[in-house]
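Remarks on the overall topology
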Amino acid sequence: MKSQSPKSGEKTKKAVPNRVKTAALIQSKSLALNGGKPVRNPHDFLLFGAPALGRAEIAGVVDSMRRRWIGTGPKVARFEKEFAEYQGAEYAVAVNSCTAALHLSMVALGLGPGDEVLVPALTFCATANAVLHAGATPIPVDVLPDTMNINVEEAEQKITKRTRAIIPVHFAGRPCAMHEIMALAKRHRLQIVEDCAHAIETRYYDQPAGTFGELGCFSFYATKNLTTGEGGMLLTSQKARADRLKRLALHGMSQDAWKRFGDEGYKHYDVVELGYKYNMTDMAAAIGLPQLAALEKNWKKRKAIWAQYQKAFSDLPLTLPAEPLVYERHAYHLYTPLIQRNSGITRDQVLSALTAEGIGVGVHYRSLCDHPLYRKRLGWKRSDAPVAGRIGDQTLSLPLSPSMNQKDVLDVITAMRKVLGGKSKTT
Ligand SMILES: *Cc1c(COP(=O)(O)O)cnc(C)c1O
């Protein structure tokens, strides 16, 4: 078969398919993977998700230590108040992880054996595990290829007589279609628990993520947009629910049990139900308070890096993340391009090559349907969520942290272009 003749003016060099060039590139001696000089020296490895921690965070922790009140106390109370204010929510309950927040959500909504909860297949395992910990059954729903968020039409098809709730995940910080999800919930009397682990700054038609559903769950894990080392938060609009969540997070002990050692004299407490040990500490809140104050500044930094990547990678064999729509505020938690399937290089080869160049990478995520736990226990298979499966094969996450300086960003771009081809332009 005759190949298409190049249009006049187009260089004939372009007729060499990208995949051949890229496939040859992975063999190149210039790559650190093959013994070449790395973009960054090993002692200068660019950590994925390194948090931006400054003097205020350090001073806060030292202050808690000097006061010798390092457990749950006044700083947690302040952090809850300020977090609720930032999100425009009525009540916030601090816990020690988003996993704890998700689990408590299931318990507080009375979900348990016999109940089904829809979860996207493209998420961190904690989303599904929280459902399992409550004794209920997670059901995987596929995601949309462009937003990587839960496919609402498909969610509707997976609703059965047992379905009680949906946990939408605002993937990478891009809001889910919350109006459609809330309408679906209303039609089928389902409860919505938002997994906002990526989505502190996310807004949908100006409404903050985590305030649409019954409950919003946030993560302050080390790599998240706001970190407390480990930590999490629940948002609710109901006082009674907030009180119950607080109690459940501390052994089921009656209100403000943490005050029992305070200067107002010892107070008895009652254990009124079987709770958990999920309380946040003042040491963690001491880190969280200045992190909250820096949230918008750090968001702007990540937004700028995201935009720089979009521009710098436009000619590489990648499917770049879709730009947010006008009514969406993206939290820019993750930058997750897909390695095109015809590129001649696999995602795992790119991961190895970038690591060798001194660039830390991540994968968010392999589809839950590919993990042995859910396959063995629940019979999940790839065909339950083919889009999530494909994304899980092709996605990689590049460093996107406010702790990065311009050189760090340019190093990522240089390494990507070295591995995936393209002239070594750096923008
Ligand atoms: C990080 C994460 C969690 C769990 O958060 P932890 O605070 O580590 O428990 C849950 N869901 C998603 C989508 C996450 O990214």
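Figured I'd write up the structure that's included with this text. (Residues numbered from 1 in each chain as written. Predicted model: local features only at pLDDT ≥ 70, side-chain atom pairs only at ≥ 80, totals over all residues. Heavy atoms only, no water.)

**Observations concerning the packing of aromatic side chains**
In total, this model carries 18 aromatic pairs according to the counting rule given. With 5.1 Å between their ring centres and 75 degrees between their planes, phenylalanine 83 and phenylalanine 218 make a pair best called edge-to-face. In this pair, phenylalanine 83 sits in helix α3 (residues 74–87) while phenylalanine 218 sits in strand β8 (residues 215–219), placing the two residues 135 residues apart along the sequence. There is no split in this pair, since phenylalanine 83 and phenylalanine 218 are both buried. For the ring pair phenylalanine 313 and tyrosine 335, a centre distance of 6.2 Å and an interplane angle of 45 degrees mean the geometry is tilted. Note that phenylalanine 313 is positioned in the loop between α10 (295–312) and β10 (318–319) and tyrosine 335 in the loop between β11 (328–329) and β12 (338–339), a separation of 22 residues in sequence. Each member of the pair, phenylalanine 313 as well as tyrosine 335, carries the same accessibility label: buried. An aromatic cluster of at least three residues, connected via ring pairs, comprises Trp299, Trp306, Tyr309, Phe313, Tyr332 and Tyr335. (Phe/Tyr/Trp six-rings, centres within 6.5 Å; stacked < 30°, edge-to-face > 60°. Helix = DSSP H or I, 4+ residues; strand = E, 2+ residues; numbered from the N terminus. Buried < 20%, exposed > 50% of the residue type's maximum accessible area, 1.4 Å probe, protein only.)

**Observations regarding the pairing of strand β1 (residues 91–95)**
In terms of residue burial, β1 counts as a mostly covered element, since four of its five residues are buried. Both β1 and strand β9 (residues 232–236) contribute to a ladder of five bridges, which runs antiparallel. Across the sheet, residue tyrosine 91 finds its bridge partner in β9, namely threonine 236. (Pairing = 2+ DSSP bridges.)

**Re the sheet that holds strand β4 (residues 163–166)**
In space, the seven strands of this open sheet follow the order β1-β9-β8-β5-β4-β2-β3, with mixed pairing throughout. Of all the strands in the sheet, just β1 and β3 (137–141) have a single pairing partner and so form its edges. Put simply, the sheet's adjacent strands are angled 25 degrees from each other on average, direction ignored. This element, α3, spans β1, β8 and β9 of the sheet and lies at about 130 degrees to β1. The strands touched by helix α7 (residues 178–188) within the sheet are β4 and β5 (191–195), with β5 carrying the most contacts at an inclination of about 150 degrees. (Axes fitted to C-alpha atoms, helices over the stretch in contact; angles between N-to-C directions. Contact = heavy atoms within 4.5 Å.)

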